[in-house]
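Tertiary structure, described
Now for the letters of each chain:
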Amino acid sequence: MKRQLLLIAVSLVMMGLAAFIDYRDLVWLSPLILGLNVLLLVAVLFMGRTAGGSTRWISLGFFDLQPSELFKLTAILFGTRVLCSLDRPLDSIGPIIAFYSWSAIPAFLILKQPDLGTTLVIVAIVTGMLYFSGTPGKAIFTMALAGMIIVGILLWLYLYVGVPLPIEEHWIDRLVTGFNPEKDPLGKGYQVLQSKIAIGSGSVWGKGLGKGTQNRLDFIPHQETDFIFSVVGEELGFVRTTVVLGMYVLILVRCLIAAVNSADKEGTLIAGGVLSMLLFQSLVNIGMTMGIMPVTGIPLPFLSYGGTASVVNAFAIGLVLNVSWKRHKILF
Amino acid sequence: MNRGYRNRDNSSGNLPARELKRIRDYVLVLVITCFAILTAQLFNLQIIQGEKYRSLSEDNYMRITPIPAPRGEILDRNGNVLVTSRPAFTVFYWYLDESEATTTLPRLADILGMELGEIEEKVKRYEGRYFEPVPIARDITPEIYTKIAEDSPNLPGVFIDPQPIRYYPQNDLLSTTLGYVGEITQSQLDDPQWKDYKMGSIVGQQGLELYYESILRGKNGGYQVEVDYRGRPTGNVGPGIEPEPGKTIQLEIDLDLQTAVENALKSALEENPAANGASAVVLDVNTGGVLAIASMPGFDPNVLISGISYTDLNQKITSGEWRFANLATTGLYPPGSAFKIVTAVAALAEGKTDPTDEVFDPGYHPSAPTLVCHKRAGHGYVNIEEALEVSCNTYFYEMGRRLGVDTLAEYCRALGLGMKTGVDLGGENYGTVPSTEWKAKAYGEGRVAQPEFLFSEHMMVAMGQTFHLYTPIQMASVTQAIANYGVRMRPRLVSKILDSEHDLVEEILPEVAGELQVDPSVFDIVKDGMLRVTNEPGGTAYWTFHDCPIKVCGKTGTAQNPLGDDHSWFVGFGPYEDPEIALAVVVDQGGSGSSVAAPVARQIFDAFLAISQPQEAE
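No experiment lies behind these values; they were computed from the predicted model shown. (Residues numbered from 1 in each chain as written. Chains lettered and ligands numbered in written order. Predicted model: local features only at pLDDT ≥ 70, side-chain atom pairs only at ≥ 80, totals over all residues.)

1. A word on the overall build of chain B
Of regular secondary structure, chain B possesses 24 helices and 23 strands. Taking contacts inside chain B between residues at least 6 apart in sequence as the whole, the part at least 24 apart equals 73%. (Helix = DSSP H or I, 4+ residues; strand = E, 2+ residues; numbered from the N terminus. Contact = placed C-beta atoms within 7 Å.)

Next up, the structure:
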């Protein structure tokens, strides 16, 4: 409890800080931030703390720092800097792929932890920012298609040719069972099935805060981290959970307004990046708890337990507030 | 193309407003579409399928723990309790997972003093149904209760619940007939007859407990228990269903008479250490009610039920201290001379003899000199009543010659031999009534002996030797039929079915099992002969019965046993004037009927007098 309050206080301070400093200074400093962040990611390889089978944290004694979470912000800031240095939007495949290249090394380091979820979030952030920079949707779509084909080829190489790639078997399992948990209810499908039971049993009005039997009796694994939404659904019920979903929409729309109304391109890209991050994470996470998205280990912004993530999300919201307050044009 | 990031003072030029508007619209559509899909799925899970998931979540955490219905009691004819139930602490194990079981079970075995393998076997039977608690030990002592309670942090999944346990206040009295209860066995579970039962159910395993299972058992209730994801009870209890108690059965058995019968048999066994068990059946001549039925030795169902170890049980059985078989209904013995009452009835009914007809006994049968009488000097001239009195073999050899085995066999069957008596106990044996047809089948091709019935065999079967095998209850039933002028009543243990408050639900009325319709004088003559056995100085049981306050009709039997000592028999009824009880006593390898079985019968008649005329006894 004390820790939670402390974390909220720290998050609020970070949000205030992000709201009042000039974000263009951060964009300007972003190569340095990128360098430091990559160093931290490398440090994780050597001195990281392991939990739940993956090595993601650097123990600072009082706090476990998660550099991969930090990298979401770094990607937004550095991506902004790269995109702002362009004369015109990227619109052909070659330069677009070249643009992605700066994130390849950190993304690989994160994938190796292993942390497929965060890697996907990074890809989503960068892609979203590309769109906010004016790259035509058609080009992004083509590229996404190409990306999927490449992933398909890599999977094929791994599974059928035996090329050693940093792919975890359970990612594939999860992709399959995530959509059809009833197939293996006590094994790989257990989490998702229990999560669906939790949410479904919440019915219209929910079982009441702290009264969720699925939650309280520990039927849902990771109920305070990745599967927090199951608890929300079980204890609050449909009516109130819809309100929670509405709040996410509200935050996302506010980010969108901030992005399109920004006085400068930096603001548009930062707010757009934050929007991409929040949209992707909430869609995949909530979808996962309801069995319509694969289980990828992506936390739900603002609700999932996680120190670094809380601070990062607060800082991101601070940045959006900052952009929003500096707006010149009014489009809404 | 790339001019580099300018500096932190100059903002980069943004996209044109038109372009931003387009981006805004598309992103807005994307956000709304994404959340519309999420809301739709939320609606699907919580509203459309809400009921299903709610019940799934309840299945997840609610377990039904049965409350066993109190089993009906068993009472004697005067309402004395023979079997009841009492609360006892039962140790249950709720299987959590293997790693926990490997540390918990040895610890539990240690405390309970049980073999680890035995516990593991019990748990293993519940494989696939681990949501049900596994009963490990019943009726634990307070010391073990304390030990488990103290060690509970190290015994996850172990809990103690008071459960009714069967209690037999008379201990080993009537044990083989009452039977015992035990956990349902796998073969019973596989039998469709037991399809209503669940694993771990306590059911009747022998005797009346088994035969009247459907009446004695009630309907189990249950209560809901909340458990966590590993099946651990959290202590929260949901609503329950009250169990429906089983019905009580009232027997024809008289506790005092039964006690006297068992004591008499017990002392007979003690006095004849070579004897291998004993049995007695006492029937009500008029109704067929079983007033006493004993098979010695029996067992102590209380010790058995509260969990006796395999080794102890084995030791008790092999040492002969305990025996589960009910000799009264399953023990097959040659009847020896006790059978002569049947031959007498047959010979008189067929007109092959009458009281004026005398047969000369020189000590053997003149047609077959190898067939000797037990009195080598011979009994001289004897009529039928005298032949019964002294148990003259030669007289009955002659009756056998006159009747032939097949006519005799008809009378055997008409009096209920060689068939189930119909007593309300399972597992009765049929026995063997010899006949030419039977011998041809039993000694047919490939056998050493001849399949034809020999001349001497026709004569031998008439005095109860050779081929006959009957149960004590059959012999008691035959005696009852003779005392009742040929009307054989079905031996009946249960007379009333009562509810749990002991109010009458159903009365089980006496039934005629069979009738031998012959001139009543036939029975009068046999009765007179049987009276001489106990009332004439030459009678084989005279010295046992001469001072008996009532006139008893009887017949002794000393059946030759090719496997060991003779079996000692006594069949009889009394009082002579108006017979009330009929009995059969057999002491397996006890020796002579006059010296072993007859004194037991005398004690039974004395006990009967004491209970039927208590005022006079004072």
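2. Thoughts on the overall build of chain A
Within chain A one finds 13 helices and 3 strands. Looking at chain A residue by residue over its 332 residues, the buried ones come to 50%. (Buried ≥ 20, exposed ≤ 12 C-beta atoms within 10 Å, placed from the backbone.)

3. Focus on the pairing of strand β11 (residues 278–284) of chain B
Residues and elements named next belong to chain B. For β11, the tally of buried residues reaches 7 of 7 residues, placing the bulk of the element in the interior. Neither face of β11 is exposed, since A278, A280, V282 and D284 on one face and S279, V281 and L283 on the opposite face are all buried. Examined bridge by bridge, β11 and strand β12 (residues 290–296) share 6 bridges and lie antiparallel to one another. Bridged to A280 within β12 is A294. Where β11 hands over to β12, the hairpin turn is made up of 5 residues, of which G288 adopts a positive phi near 80°. By the bridge criterion, 7 bridges tie β11 to strand β23 (residues 581–587) in an arrangement that is antiparallel. Note on β23: the bridge partner recorded for A278 is V587. (Pairing = 2+ DSSP bridges.)

4. Regarding the nonpolar core
Formed by 123 residues in total, the largest nonpolar core has its most connected members in A280(B), V281(B), V282(B), V345(B), L583(B) and I604(B). With 94 residues, the next largest nonpolar core counts C84(A), I122(A), L130(A) and I270(A) among its residues. (Core = buried A, V, L, I, M, F, W, Y, C linked by C-beta atoms within 7 Å.)

5. A look at the pairing of strand β10 (residues 248–251) of chain B
Residue and element names in this part refer to chain B. Covered by surrounding structure in β10 are T248 and Q250 together with I249 and L251, the residues of both alternating faces. Looking at chain direction, strand β2 (residues 74–75) and β10 are connected through 2 bridges and run parallel. Considered in β10, the bridge of L75 is made with Q250. Note: β10 against strand β18 (residues 494–498), 4 bridges, orientation antiparallel. Within β18, the position partnered with I249 by the bridge is I497.

6. Considerations on the confidence of the model for chain B
Residues and elements named next belong to chain B. Model confidence for chain B is summarised by a mean pLDDT of 86, while 91% of its residues fall at 70 or above. Of all helices and strands in chain B, the one with the weakest mean pLDDT is helix α24 (residues 614–617) (50), whereas helix α20 (residues 472–483) scores best (96). The complex model carries a pTM of 0.62, and its ipTM stands at 0.89. (pLDDT = per-residue confidence, 0-100.)

7. Notes on unusual backbone geometry
A cis amide bond links M296(B) with the next residue in sequence, P297(B), at an omega value of -5°. Position of P297(B) relative to the elements: it lies in the loop between β12 and α11 (301–305). Following G574(B), the chain continues into P575(B) via a peptide bond in cis, with omega recorded as -5°. With respect to the element layout, P575(B) can be found in the loop between β22 (564–574) and β23. One non-glycine residue, S203(A), lies in the positive phi region at around 50°. Along the chain, S203(A) falls in the loop between α9 (190–201) and α10 (213–216). With phi around 75°, F467(B) is a residue other than glycine that occupies positive phi space.

8. Looking at the packing of helix α11 (residues 228–260) of chain A against helix α1 (residues 17–48) of chain B
Where α11(A) meets α1(B), the closest approach of the two axes is 10 Å, and the angle between their N-to-C directions is 175°. Here α1(B) runs roughly antiparallel to α11(A), going by the angle between their axes. (Axes fitted to C-alpha atoms, helices over the stretch in contact; angles between N-to-C directions. Parallel < 35°, antiparallel > 145°, perpendicular 65-115°, else oblique.)

9. A short note on the sheet that holds β23(B)
All names here are of chain B. Read from one edge to the other, the open sheet built from 5 strands follows the order β12-β11-β23-β22-β21, with strand pairing classed as antiparallel. Two strands close off the open sheet at either side, each with one partner strand: β12 and β21 (553–561). Strand-to-strand twist across the sheet, computed as the mean angle between neighbouring axes with direction ignored, equals 10°. Sheet contacts for helix α21 (residues 520–535): β21 and β22; angle to β21, the most-contacted strand, approximately 75°. The sheet strands contacting helix α23 (residues 593–612) are β11, β21, β22 and β23, and the helix crosses β22 at an angle near 30°.

10. Details of helix α6 (residues 116–132) of chain A
Residues and elements named next belong to chain A. In this model, α6 (17 residues) spans 25 Å end to end at C-alpha, consistent with the 24 Å of a helix rising 1.5 Å per residue. Counting buried positions along α6 gives 14 out of 17 residues, so the element sits mostly inside the fold. Note on α6: the residue one or two positions beyond its end, G134, has a positive phi of about 105°. (Expected span 1.5 Å × (residues − 1).)

11. What about the sheet that holds strand β1 (residues 49–51) of chain A?
Strands in a sheet are paired, the pairing made by backbone hydrogen bonds, and the direction either parallel or antiparallel. All names here are of chain A. Taken together, the 3 strands give an open sheet; going across it, the order is β1-β2-β3, and neighbouring strands pair in antiparallel fashion. Two strands in the sheet have a free side with no partner beyond their single neighbour: β1 and β3 (64–65). Here strand β2 (residues 54–59) runs beside β3; their pairing, made up of 2 bridges, is antiparallel. Paired with S59 across the strands is D64, a residue of β3.

12. Structural notes on the environment of D172(B)
Residue and element names in this part refer to chain B. Assignment of secondary structure puts D172 in the loop between β5 (158–167) and α6 (175–178). The sequence separation of D172 and W322 amounts to 150 residues, and the corresponding C-alpha distance is 9.7 Å. Once residues lying within four places of it in the same chain are set aside, the contact partners of D172 are G298, F299 and D300.

13. Describing α21(B)
All names here are of chain B. With 16 residues, α21 should reach 22 Å at 1.5 Å per residue; the first-to-last C-alpha distance of 22 Å fits that figure. Burial analysis of α21 places 12 of its 16 residues in the buried class, which makes it a mostly covered element. Those residues of α21 that fall on the buried side of the exposure criterion are V522, F523, I525, V526, K527, G529, M530, L531, R532, V533, T534 and N535.

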